[in-house]
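If you want the building blocks of each chain, they are given just below.
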Amino acid sequence: MSLATETKPFECSDAEWQARVELAAIFRILAHYGMSDLANGAVGARVPDQPDHYLMHPYGMFWEEATASMMIRVGPDGKPTDPTAPWLNDGAQNLCQWIFGARQDVMFFIHGHEEEVMAVGSIEEGLMPLNQPAVYLGNLLGYIEYEFDEDEEFGRHFVSTLGSHDILISRNHGYYALGTTAAEAFFRSYFLRQTCSAQIKTLSMGRELHLLDPQKVARYQDQMAKSEHYNYDGKTEWAGLIRKLDRNEPDYKS
């Protein structure tokens, strides 16, 4: 579904503009569902027709303010292609280089600090098989220890740990959710928060836990992957979210 229906305010390819619009849409949708952290966190997109270039937001932008034209193009060296571009968050620049450089299948990523995910990432068990979204996400998920100093050594460790995982929980810190589409990246982020919230509520009851059997979890994951009745890439929900934005916040496409 094309979102690039507005006149482009500056010269760029149609593919880049489409990515800009979808990136702005993710920011707005995250804000709508209370999944932003003031000006912190990061969302990035690959430029489809220049896959070694990326799009990210200017530091200080609040998610509900995002527009397609605000997004900054970053080159393969991790620096803005426009030398007059606004201040960028160096952590977000690093993530663009690490994630998009290591995973050619990834077109969008979200790095968030939702309280529920921070809480679950701060217990040794991490995410437990207590509910359906935990089953869905379980075989996509890995963990990485939180480090404040993101030097070259940490970058190599991040890329190695990421591997083929589509979600990483950063212990005591937050998460990274990757997607081949904007819909997929958001879908994974949304249901990661949901399953973490459900786990926190379950543990708060102080009762004996009823964990899903590991063999059943593996079977359900296989069934989910093959099912024609569920779209676990988020495309069904994404279409509705875009309709909501178009009704209520159409300036995201500007």
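Structure's up top.
Predicted model, so just to flag it, every value in this text is computed and none were measured.

Taking every second residue as pointing to the same face, both faces of strand S6 (residues 167–170) are buried, with Ile167 and Ile169 on one and Leu168 and Ser170 on the other. Sheet topology places strand S5 (residues 141–144) next to S6; four bridges connect them, and they run parallel. Residue pairing across strands places tyrosine 143 opposite isoleucine 169, the latter belonging to S6. Following the chain from S5 across helix H5 (residues 152–162) to the adjacent parallel S6, one finds a crossover that is right-handed. Summarising the sheet, S6 and strand S7 (residues 174–179) pair through four bridges and their orientation is antiparallel. Residue pairing for S7: isoleucine 169 is matched across the bridge by tyrosine 175. The turn joining S6 and S7, which pair antiparallel and follow one another in sequence, is formed by three residues; a positive phi near 65° is taken by asparagine 172.

Our next topic: empty space enclosed by the protein. Per the counting criterion, the structure on display carries two cavities of 30 Å³ or more. Its boundaries defined by the atoms lining it, the largest cavity holds a volume of some 50 Å³. Along the walls of the largest cavity sit 15 residues, with Met35, Gly41, Trp63, His111 and Gly112 positioned nearest its centre. For the lining of the largest cavity, the elements supplying multiple residues, two or more each, are strand S1 (42–46) and strand S4 (108–112). Residue contributions to the lining of the largest cavity peak at three residues, all from S4. Split into classes, the residues belonging to the lining of the largest cavity amount to seven nonpolar, six polar and two charged. Surrounding the second largest cavity, Glu145, Tyr146, Glu147, Glu150, Phe154, Ser170, His173 and Tyr176 form its lining. Here the residues of the lining of the second largest cavity sort into three nonpolar, two polar and three charged.

Here the focus is the environment of phenylalanine 187. You can see phenylalanine 187 is positioned in helix H6 (residues 182–204). Sequence-wise, phenylalanine 187 and glycine 234 are 47 residues apart; in three dimensions their C-alpha atoms are separated by 5.2 Å. Aside from chain neighbours lying at most four places away, what touches phenylalanine 187 is Tyr136, Asn231, Tyr232, Asp233, Gly234 and Glu237.

Here the focus is the sheet that holds strand S2 (residues 54–56). Pairing is mixed in the open sheet, where seven strands are placed in the order S3-S2-S1-S4-S7-S6-S5. The strands lining the two open edges of the sheet, one partner per strand, are strand S3 (72–74) and S5. Between one strand axis and the next, the sheet turns by 20° as a mean value, whatever way the strands run. Across the sheet, helix H1 (residues 14–32) touches S1, S2, S3 and S4, and the angle it forms with S1 is around 160°. Its contacts with the sheet place H6 against S4, S6 and S7, and it is angled at close to 150° to S7.

Quick look at the layout of surface pockets now. Roughly 390 Å³ of internal volume is contained in the largest pocket. Along its surface, the largest pocket is lined by 17 residues, and Asn89, Gly91, His111, Glu150 and His173 are the ones closest to its centre. Take the lining of the largest pocket: its biggest share by element is four residues, from helix H2 (residues 90–102). In terms of residue class, the lining of the largest pocket is built from six nonpolar, seven polar and four charged.

The next point concerns the pattern of salt bridges. Considering all chains together, one arrives at ten salt bridges under this definition. The residue arginine 28 makes a salt bridge to glutamate 249 at a minimum N-O spacing of 3.0 Å. Pair noted here: arginine 28 is in helix H1 and glutamate 249 is in the segment after helix H8 (235–248), with a separation of 221 residues, a long-range link. You can call glutamate 249 partly exposed: its relative accessible area is 23%. Linked by salt bridges that have partners in common, Arg103, Asp105, Asp166, Glu184 and Arg188 make up one network.

Side chains of Glu124, Glu125, Glu145, Glu147, Asp149, Asp151, Glu152 and Glu153 sit close together on the surface and give a patch of like negative charge. One can find aspartate 149 in the loop between S5 and H5.

The residue leucine 38 is not glycine, and still its phi comes out positive at about 50°. Take leucine 38: it is sitting in the loop between H1 and S1. Its identity is not glycine, yet asparagine 172 carries a phi of approximately 65°, on the positive side. With respect to the helices and strands, the residue asparagine 172 is situated in the loop between S6 and S7. Here asparagine 172 falls in the partly exposed class, since its relative accessible area comes to 47%.

About the thresholds
- Residues numbered from 1 in each chain as written.
- Predicted model: local features only at pLDDT ≥ 70, side-chain atom pairs only at ≥ 80, totals over all residues.
- Heavy atoms only, no water.
- Buried < 20%, exposed > 50% of the residue type's maximum accessible area, 1.4 Å probe, protein only.
- Helix = DSSP H or I, 4+ residues; strand = E, 2+ residues; numbered from the N terminus.
- Pairing = 2+ DSSP bridges.
- Right-handed = clockwise from strand over helix to strand, strands pointing away.
- 1 Å grid on protein atoms, 1.4 Å probe; cavity = no way out; pocket = protein on both sides within 12 Å on 5 of 7 lines; lining within 4 Å.
- Points joined across faces, edges and corners; volume = space filled by probe spheres on them.
- Nonpolar A, V, L, I, M, F, W, Y, C, P; charged D, E, K, R; others polar.
- Contact = heavy atoms within 4.5 Å.
- Axes fitted to C-alpha atoms, helices over the stretch in contact; angles between N-to-C directions.
- Salt bridge = Lys/Arg side-chain N within 4 Å of Asp/Glu carboxyl O.
- Patch = residues over 30% accessible without salt bridge, like charges linked within 9 Å, V, L, I, M, F, W, Y side chains within 5 Å.
- Areas by Shrake-Rupley, 256 points an atom, 1.4 Å probe, with all protein chains shown as cover.
- Lys, Arg positive; Asp, Glu negative; His and termini not counted.
- Charge placed at Lys NZ, Arg CZ, Asp CG, Glu CD.

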